[in-house]
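Breakdown of the fold
If you want the building blocks of each chain, they are given just below.
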Amino acid sequence: MKAMRSHGPGSGLRLEVLDRPRPGPGQVLVKVHACGVCRTDLHLVDGELPACRYPVTPGHEVVGTIVGSGQRIGIPWLGWTCGACEYCTSGRENLCENARFTGCHLDGGYAEYTLADERFCLPIPERYGDAEAAPLLCAGLIGYRCYARTEDAKTLGLYGFGAAAHILAQVASAEGRTVLAFTRPGDEAGKKFARECGARWAGDSTQAPPEPLDAAIIFAPVGSLVVCALKSIKKGGRVICGGIHMSDIPSFRYSILWGERRVESVANLTRADGEAFMRVAAKIPLRTEVTRYELINANQALSDLREGKLNGAAVLVP
Ligand SMILES: [Zn+2]
Ligand SMILES: [Zn+2]
């Protein structure tokens, strides 16, 4: 089978022809139909995720069918947990001390076939095609975990309008929230796209919002946005950081944090998050904007993501 693999930071992905992997106990062999390209994959090829093992096949937004049964499933980032550590035993398996992540510790979906632990696979709502469903598996569900942390925020700011925000904006507006979107300064196409996805207003990330925010979620890997977001939220509001990696957060005056404002991060997902989000995706018809690339063009997809050329999500189709 063909796979696009990373052999270490800074060298891009290399096409390899490998034997089809053999499932171990509890595992299934999955024929990959589509695999989303996530910003985390960029951090992986750049060496910004120190826990990753190389060589590795990236890809943790995998839609495929189980070889044998033909059942369609999704493979998310959380690939395996120990079930025994203090986090696993307290309903926080997303923080498992021994977790293995798909496309990081475990080979992922930038390949024609991959393995998965059946207990960590997710159902895919029927209404979505394979490529359209792929971004739901990380962008969609990490965004949803961030959103859940904003509790009953009426006015929600989204910083960085890519794959995660374009899905979450639709969920939040369908649930009656007011979404205000912040894009890279000067990104007029991004602002237009945000409004099409349900944002009431879209502006530059350096701009103040037209009204104060109850909560903000930061998807862009830019630490200075934490300060921008803190300045834009009300007293008691939260700033949720959704990315796995971010540039340093500049120092700031205590007064912008005071007033019981909070800054939090969201890490990984639990299986319960995945199941909850797939129920939402089955109920609300989400439009996922995808750009398809052949598997062998994975490096092109990564560089288009890096340069901000994509509206929505890149998806590899073997
Ligand atoms: Zn654990
Ligand atoms: Zn991801």
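Residues numbered from 1 in each chain as written. Chains lettered and ligands numbered in written order. Predicted model: local features only at pLDDT ≥ 70, side-chain atom pairs only at ≥ 80, totals over all residues.

Observations concerning the overall build of the protein chain
In plain terms, the rule: Numbering of helices and strands starts at the N terminus; helices are DSSP runs of H or I of at least 4 residues and strands are runs of E of at least 2. In this setup the radius of gyration rests on C-alpha atoms only. A globule is expected at 2.2 Å times the number of residues raised to 0.38. Here a residue counts as buried when 20 or more other C-beta atoms fall within 10 Å of its C-beta, as exposed when 12 or fewer do, and as partly exposed in between; the C-beta atoms come from the backbone. Contact between residues is assigned whenever the C-beta positions, reconstructed from backbone atoms, fall within 7 Å.
What the protein chain contains, in helices and strands, is eight helices and 16 strands. Over its C-alpha atoms the protein chain spans a radius of gyration of 19 Å, differing by no more than 12% from the 20 Å that the globule rule assigns to 318 residues. Counting all 318 residues of the protein chain, 49% fall into the buried class. Put simply, of all contacts in the protein chain between residues at least 6 apart along the chain, 69% involve residues at least 24 apart.

A few points about the nonpolar core
Under the convention used in this document: The nonpolar core criterion groups buried Ala, Val, Leu, Ile, Met, Phe, Trp, Tyr and Cys residues into a set whenever they are joined through C-beta atoms within 7 Å. Where each domain starts and ends follows an automatic or database-derived domain assignment.
Ranked by size, the top nonpolar core spans 100 residues in total, and within it L158, A181 and I218 carry the most contacts. At eight residues, the largest contribution of residues to this core is made by helix α4 (residues 163–174). Taken domain by domain, this core gets at least three of its residues from each of domain 1 (2–135 + 268–317) and domain 2 (140–265).

Overview of the environment of D152
Note on placement: D152 falls in the loop between α3 (139–149) and β9 (155–159). Taking the C-alpha atoms as reference, D152 lies 8.7 Å from D214; in sequence the two are 62 residues apart.

Structural notes on the domain arrangement of the protein chain
The extent of an interface is frequently quoted as the accessible surface area lost upon association of the parts. The criterion, for reference: Each residue is assigned to one class: nonpolar for Ala, Val, Leu, Ile, Met, Phe, Trp, Tyr, Cys and Pro, charged for Asp, Glu, Lys and Arg, and polar for all the others, Gly among them.
The domain architecture assigned to the protein chain consists of domain 1 (2–135 + 268–317) and domain 2 (140–265). For domain 1 and domain 2, the distance between their C-alpha centroids amounts to 25 Å. Taken together, the contacts link 22 residues of domain 1 with 18 residues of domain 2. Elements with a contribution of two residues or more to the side of domain 1 that touches domain 2: α1 (39–45) and α7 (271–283). Taken together, the residues that form the side of domain 1 that touches domain 2 break down as ten nonpolar, seven polar and five charged.

Observations concerning the sheet that holds strand β13 (residues 233–241)
Where strands meet in a sheet, backbone hydrogen bonds hold them as pairs that are either parallel or antiparallel. The condition is simple: The pairing criterion for strands is at least two bridges between them, as found by DSSP. Between N-to-C directions, angles cover 0 to 180 degrees, with each direction set by a line fitted to C-alpha atoms, over the stretch in contact for helices.
Within the open sheet, the six strands sit side by side as β11-β10-β9-β12-β13-β14. Their pairing is parallel. Pairing within the sheet leaves two strands with one partner each, and these edge strands are β11 (201–204) and β14 (262–265). Strand-to-strand, the axes of this sheet are offset by a mean angle of 20°, without reference to chain direction. Strands β12 (213–218), β13 and β14 of the sheet are contacted by α3, whose axis makes an angle of about 160° with β13.

Thoughts on the pairing of β9
Taken across its five residues, β9 has five buried, putting it largely inside the fold. By the alternation rule, side chains of β9 split into T155, G157 and Y159 and L156 and L158, which are all buried. Relative to strand β10 (residues 178–183), β9 runs parallel, the two sharing five bridges. Paired with L156 across the two strands is V179, which belongs to β10.

Re unusual backbone geometry
Y54 connects to P55 through a cis peptide bond whose omega is -5°. Of note, P55 is situated in the loop between α1 and β4 (62–66). Phi is positive for E151, close to 50°, though the residue is something other than glycine. Considering the arrangement of structural elements, one finds E151 in the loop between α3 and β9. The exposed category is assigned to E151, around which 9 C-beta atoms lie within 10 Å. Residue E260 is not a glycine yet carries a positive backbone phi of 60°. Tracing the backbone through its elements, the reader meets E260 in the loop between β13 and β14.

Some details on the environment of C38
With respect to the helices and strands, the residue C38 is situated in the loop between β3 (27–37) and α1. With 30 C-beta atoms counted inside 10 Å, the residue C38 sits in the buried group. In sequence terms C38 and V179 are 141 residues apart; their C-alpha atoms lie 23 Å from each other. Residues within four places of C38 in sequence aside, it is in contact with H60, E61, C138 and A139.

As for the packing of α3 against α4
Worth spelling out the cut-off: Roughly parallel means an angle under 35 degrees; roughly antiparallel, over 145; roughly perpendicular, 65 to 115; everything else is oblique. Note: crossing handedness is left-handed where the near helix turns anticlockwise from the far helix by less than a right angle, and right-handed where it turns clockwise.
Across the interface, α3 lies against α4 with an axial gap of 8 Å and an inter-helix angle of 55°. Here α4 runs oblique to α3, going by the angle between their axes. Considering only the axes of α3 and α4, their crossing is right-handed. Touching A139, G140, I142, G143, Y144 and Y147 of α3 are A163, A164, A165, I167, L168, V171 and A172, all from α4. Here the residues of the contact of α3 with α4 are counted per class, giving eleven nonpolar, two polar and no charged.

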